[in-house]
Amino acid sequence: MQALTCACALLVVVPLALVFYHVLKSGIGALNWAFFTQLPKPVGERGGGMGNAIVGTFELLGLAALLGVPVGVCGGIFLSEYGHTRLNWWIRFAADVLNGVPSIIWGMVVCALVVVPMRGFSAWAGGIVLGFIMIPLIMRTTEEALRVVPKGYREAALALGIPLWRAILHIVVRTALRGIVTGILLALARVAGETAPLLFTASGNRYWNHHLSDPIAAVPLQIFNYAISPYEDWHRQAWAGALVLLVMVAIINIAVRALTRERLGKVP
Amino acid sequence: MQNNLDETNPKLPARPPPKRAPGAQVAIAAAPAPAPPAAALAIRDLSVSFGANRALTQVSLDIPDRAVTAIIGPSGCGKSTFLRALNRMHDLVPSARVEGQVRLFGSDIYGPDVEPAVIRRRVGMVFQKANPFPTMSVADNVTAGLRLNGVRDRAVLAERLRQSLVMAILWDEVKDRLDAPAVSLSGGQQQRLCIARALAVQPEVLLMDEPASALDPSATARIEDLILELKESFTLVIVTHNMQQAARVSDYTAFFNMGQLVEYGPTLKIFTNPAKQQTEDYVTGRFG
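Quick caveat, the model's predicted, so the values are computed rather than measured.

Within chain A, the secondary structure is distributed over 13 helices and 0 strands. Along its sequence from the N terminus, chain A presents helices and strands in the succession α-α-α-α-α-α-α-α-α-α-α-α-α. Here chain A holds 268 residues, and 43% of them are scored as buried. The long-range share in chain A, meaning contacts at least 24 apart out of those at least 6 apart in sequence, stands at 74%.

With that settled, consider the overall build of chain B. On a plain count of helices and strands, chain B comes out with 11 helices and 10 strands. Taking all 288 residues of chain B together, 48% fall into the buried category. Taking all contacts inside chain B whose residues are at least 6 apart in sequence as the whole, residues at least 24 apart take part in 68%.

All names here are of chain B. Of the residues in chain B, 87% reach a pLDDT of 70 or more, and the chain-wide mean stands at 86. pLDDT under 50 marks residues 1-14. Its contacts with residues more than four places away, or in other chains, come to 17 contacts. For residues 17-31, every residue scores under 50 in pLDDT, and the model assigns this stretch 29 contacts once sequence neighbours within four places are set aside. With pTM at 0.82, the complex prediction returns an ipTM value of 0.81.

The subject of this paragraph is the packing of helix H7 (residues 123-147) of chain A against helix H10 (residues 177-192) of chain A. Residues and elements named next belong to chain A. As a packed pair, H7 and H10 sit with axes 9 Å apart at the nearest point and diverge in direction by 155°. When the interaxial angle is binned, H7 and H10 end up roughly antiparallel. As for how H7 packs across H10, the hand of that crossing is right-handed. Across the interface between the two elements, Leu130, Ile133, Met134, Leu137, Ile138, Thr141, Thr142 and Ala145 of H7 pack against Gly179, Ile180, Gly183, Ile184, Leu186, Ala187, Arg190 and Val191 of H10. Taken together, the residues of the contact of H7 with H10 break down into 11 nonpolar, 4 polar and 1 charged.

Let us now look at the interface of chain B and chain A. Taken residue by residue, the interface counts 24 residues in chain B and 17 residues in chain A. Mapped by element, the contributors of at least two residues to the side of chain B that touches chain A are helix H3 (116-122), strand E6 (123-126), helix H4 (138-147) and helix H7 (187-200) of chain B.

Our focus in this paragraph is the confidence of the model for chain A. Atom-level detail of predicted coordinates should not be read off regions where pLDDT is low. Residues at a pLDDT of 70 or more form 97% of chain A, whose mean pLDDT is 90. Low pLDDT (under 50) marks residues 264-268 of chain A, which in the prediction has 2 contacts with non-local residues, meaning those over four places away or in another chain.

This next bit is on H10(A). With 16 residues, H10(A) should reach 22 Å at 1.5 Å per residue; the first-to-last C-alpha distance of 22 Å fits that figure. Regarding H10(A), the residues found buried are A:Gly179, A:Ile180, A:Val181, A:Thr182, A:Gly183, A:Ile184, A:Ala187, A:Leu188, A:Val191 and A:Ala192.

Residue and element names in this part refer to chain B. Pairing in this open sheet of 4 strands is antiparallel, and the strands run E2-E1-E4-E5 from one edge to the other. If you trace the sheet from one side to the other, it starts and ends with strand E2 (53-64) and strand E5 (107-108), each paired once. The pairing of strand E4 (residues 96-104) with E5 spans 2 bridges and is classified as antiparallel. Opposite leucine 104, over in E5, you have serine 107 as the bridge partner.

Our next topic: the environment of B:Thr143. Residues and elements named next belong to chain B. Note on placement: threonine 143 falls in helix H4. C-alpha separation for the pair threonine 143 and valine 156, spaced 13 residues apart in sequence, amounts to 9.9 Å. Look past the residues within four positions of threonine 143 in its chain and what remains in contact with it is Leu157, Arg160, Leu161 and Ala200.

Along any regular strand the residues' side chains alternate between the sheet's two faces. Residue and element names in this part refer to chain B. Looking at chain direction, strand E1 (residues 39-50) and E4 are connected through 8 bridges and run antiparallel. Paired with alanine 42 across the bridge in E4 is arginine 103. Remark: 2 residues form the turn of the hairpin made by E4 and E5, two consecutive strands paired antiparallel; phenylalanine 105 in that turn has positive phi of roughly 45°.

What counts, and at which threshold
Residues numbered from 1 in each chain as written. Chains lettered and ligands numbered in written order. Predicted model: local features only at pLDDT ≥ 70, side-chain atom pairs only at ≥ 80, totals over all residues. Helix = DSSP H or I, 4+ residues; strand = E, 2+ residues; numbered from the N terminus. Buried ≥ 20, exposed ≤ 12 C-beta atoms within 10 Å, placed from the backbone. Contact = placed C-beta atoms within 7 Å. pLDDT = per-residue confidence, 0-100. Axes fitted to C-alpha atoms, helices over the stretch in contact; angles between N-to-C directions. Parallel < 35°, antiparallel > 145°, perpendicular 65-115°, else oblique. Left-handed = near helix turned anticlockwise from the far one by under 90°. Nonpolar A, V, L, I, M, F, W, Y, C, P; charged D, E, K, R; others polar. Expected span 1.5 Å × (residues − 1). Pairing = 2+ DSSP bridges.

If you want it as structure tokens, here you go:
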């Protein structure tokens, strides 16, 4: 029995190793300085890179965080600290359902709400769709992080005559900060690799984006476009893009590990 | 000593001079007892319920100024519920309902225009489990109540920091590590830090909910010494499970059972010559 369960558990490691090995093997060859700094070259010309897509991904993540972090964190604070009514049950339920909504549906909705009225694909639309995906994720992780703050700290703060909102902001949120940041990082890691919702919002761009109301490139979009192309050189670039994306997400996950480990060590 | 919170919050009424006039309704029986001082807290028909559960029924008593009043009774008798009603901590529990009156130096703390935060600044609280803010240093913990109430003056903060730690008999132990994390202190030191933190906002009354029950005997002794020092300047109400502790530190004792006040009087009388059989059974250890 133990052997069987152990084998099943180990099965999770195998795909990770396979993915990492294969992406590394196929992608490392096309990785060079030009890959990070240059624009894609036209078909047939060798070389070039996806500097615009790498920068674009960071821009999209920044825009998404601008929307997702404040709304998600404030919502989480409401659910944990002020939530004692039926409304909270509904908000929590809605957030959980939204967490399960396929991301392409988010893309369609934002396309209808932002792209159509603005008459064009844009970085704004891409940031908004990723931000929307982040909101319910961050809301729930923030709520969980705040809930594990012992009640004693809230009581101690209020017993000093500190107003509730200040006690929440300066004592409760401060105490839960690591957990909240962890949730934000995990949400960023999750949306960093989203492709489907960007197809008809950010749309992709073969050049540098100079204006946020223009379409913008992103690494996952570039991988998609290169991978379905018939050109050998583009395939290699797609693998290199996959490697860059994988390393980015891995770095975020390692940061999360470091944050949570320190937190566990610090519990009094 | 000026109260800087007064400047930031004009709603905070000044404390009236301590009166030693009669009027306190402490039950004094035949035993000779000193004339009771003026009441800091006058409690009338106080009832607390949580949803359909009534935790405290029709309690009336006067808590004298600058004295230690101990609340004793078996687990679940309403001791903590009573204590928390005295600084409106029940406001945080949506299902809690408080009826009756609690007058703090004459004014009803449950009055219609009263800010709970203002009451909690005047009636401080120390909890069973030491709960220094884990993200803050020793010094920041002590001044948290001032800083988060808008006091910015560094000189005032430094002075209050020293003063409160001296009062809590902690200064000598922590003066060289004021910037160390509060959670690096020992359990007993953490509890005295919490007392210093409560003292820093200059309350008039200090409520203590079993402040020494999680500490070892020597740390407990220090807290008890501290309580005896503090009663020179504050009104103290202390909930305790430990009857010897109540006998050692308190001037008055209230015995609660099943959510009701059974007997209240000078500590000596409650422990040596109680009026009710139930009280005698409890203090002699026959039940509870």
